[in-house]
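Coordinate inspection notes
Residues per chain, in single letters:
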Amino acid sequence: MNVETYIKEFTLLWNSASPEFSRITEIIPYDEKLKREDGLIKFSKALRSDVDFKKMKGEVREQFIRQFQENIAAFFQNSLNFNSREVAIVGQSGMLNITKEFMLMARRFDPHVKLDDVFQASRNLWIINSLQIMMNVPVKLTPSVFAYSMLYPYSDNYLDDKEITIVEKMEFSQRFRQRLNGATVIPANEREKIIFDLVTMIEGDWDREQFPGVYESLLAIHDAQTRSIELMKSDLNIDEDELLSICLEKGGTSVVADGYLISGTLSPEQEKFCFGFGAFLQFVDDIQDIAEDSDGQLITLFTYAAAHKKLEVFVNKTITFGQAVMDDLSCFAGLVLDDMSSLMVKSNSFLLNEAVGLNSEYYSQDFCDRFETSSPFRFEFIRKRRSNLEENRISLMNKMGSFIFDESELAMQA
């Protein structure tokens, strides 16, 4: 994989992306927003209900699970604007069962893992599942898919820990790279042992000599992470081009690794799509984290944009960039590519709308107004329910956790 070539190609795509506002999804009328908000309120109450699921047995338990899953599907369709075909992709592909299997595997691997970390890792699992659908291969959880999805909650949380010095992080990064390269490395602590054990799981699925692309992609995402650490520790004035390069590299290599862990090999066209799609997802993540990153004095392409009065332009360019990446899926053999593409576009559109609505202080009123027209909910409603959104997330995690783990298991703490 020639990372530098991809960075150059997608830098050109970014530079050519329109800085003008471009609507991703259709306008949602004011009255329709009110109906959707009412649906969210009802869904929230259901999530926080005091039903003791663990006391349910047999058919009563199974019926409650089915009803809960139907309620989630109805919420996504009626409130978040997904159509029945898009919702069906998730239900019929087995993604829900794969998520349950993933959570159980995480508990068996590490009895002390936090539920919040498992959900963080699930985001990568869902990207892999989406790629599996696009590639027309079975949607399944393999040991290597599990291991890669879990690698980055463990390593990212370590690298994000403000109590750990830059020197310690760089020393860890060097040992981690040696292990990814196939060396036998003695872990310095329990966290490293867990990370190295996950690498061993990947090696169990993919022979290093037969599938070199798997390990090249893992080294590429690791080097991207290391590069960002080295730049952040320096006192250099990082410019816009360098920040764009870092963002493209981190996001792009991450999803390329997803692709290789599905089939061991990728066509040049598939590898390029994965890089572009990963870059787009990284843009969206950084837009969502604008307030947190700014408060923590973390430099990203979008905190830089905010400081230089370019944030609105960069958000607009992100939309155009993503549309260009998703425009051609002909390198894949999936049977529902149009619906899959629409599902992915709508998902990221919702995340961008929410990010603008929750961080309106970073944008002009006119910009917020235009974004709000496509939002499922009024921005005022989103801001008022900011704390409720977090409560809903925790409630949903706990509810799903209770579906998966019975009373004989230790409680997972969010």
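A quick note: this is a predicted structure, and the numbers were derived from the prediction, not measured. (Residues numbered from 1 in each chain as written. Predicted model: local features only at pLDDT ≥ 70, side-chain atom pairs only at ≥ 80, totals over all residues. Heavy atoms only, no water.)

A few points about unusual backbone geometry
If a residue is not glycine, its phi is most likely negative; likewise, a peptide bond is most likely trans. For clarity, the threshold we go by: Strands are runs of DSSP state E lasting at least 2 residues, helices are runs of H or I lasting at least 4, and numbering of each runs from the N terminus. Remark: exposure states derive from per-residue accessible area (1.4 Å probe, protein chains only) relative to the maximum for the residue type, with buried under 20%, exposed over 50%, and partly exposed in between.
A positive phi is found at Asn136, a non-glycine position, where the angle reads about 60°. Of note, Asn136 is situated in the loop between α6 (115-135) and α7 (143-160). Judged by relative accessible area, Asn136 falls into the partly exposed class, the value being 45%.

Some thoughts on the side chain of Thr253
Heads up, the rule is: Pairs of N or O atoms are called polar contacts if they sit within 3.5 Å, as long as, within protein, a hydrogen donor faces a hydrogen acceptor (for residues adjacent in sequence, only side-chain-to-side-chain pairs). In what follows, a contact means two residues having at least one pair of non-hydrogen atoms within 4.5 Å.
Tracing the backbone through its elements, the reader meets Thr253 in helix α11 (residues 240-263). A distance of 3.5 Å separates the side chain of Thr253 from the backbone oxygen of Lys250, its partner in a polar contact. Ignoring anything within four residues of it in the chain, the contact list for Thr253 reads Met1, Val3, Ser217, Ala220, Ile221, Ala224, Leu248 and Phe275.

Description of helix α12 (residues 268-288)
Where we set the bar: The span expected for a helix works out to 1.5 Å for each residue beyond the first.
End to end, α12 covers 31 Å across 21 residues, agreeing with the expected 30 Å (1.5 Å per residue, within 8%). The buried fraction of α12 amounts to 16 of the 21 residues, a majority that puts the element mostly inside the structure.

Looking at the confidence of the model for the chain
Rules: Think of pLDDT as the predictor's per-residue confidence, scored from 0 to 100.
Of the residues in the chain, 88% have a pLDDT of 70 or more, and the chain-wide mean is 86. Ranking the elements of the chain by mean pLDDT puts helix α19 (residues 386-404) last with 54 and helix α1 (residues 3-16) first with 97.

Re helix α15 (residues 311-325)
Across its 15 residues, α15 extends 21 Å between first and last C-alpha, which sits within 8% of the 21 Å expected from 1.5 Å per residue. Burial runs high along α15: eleven of the 15 residues are buried. Of the positions making up α15, those classed as buried are Leu311, Phe314, Val315, Asn316, Lys317, Thr318, Ile319, Thr320, Phe321, Gly322 and Val325.

Considerations on the side chain of Lys317
Inclusion rule: Charged-residue counts in this description rest on Lys and Arg as positive and Asp and Glu as negative, His and the chain ends being excluded. One speaks of a salt bridge when a side-chain nitrogen belonging to Lys or Arg is within 4 Å of a carboxyl oxygen belonging to Asp or Glu.
As for its position among the elements, Lys317 is in helix α15. Buried and unpaired, Lys317 has no salt bridge, with Glu240 as the nearest side chain of opposite charge at 7.4 Å. Residue contacts for Lys317: discarding those within four places in its chain leaves Trp14, Asn15, Ala17, Ser18 and Pro19.

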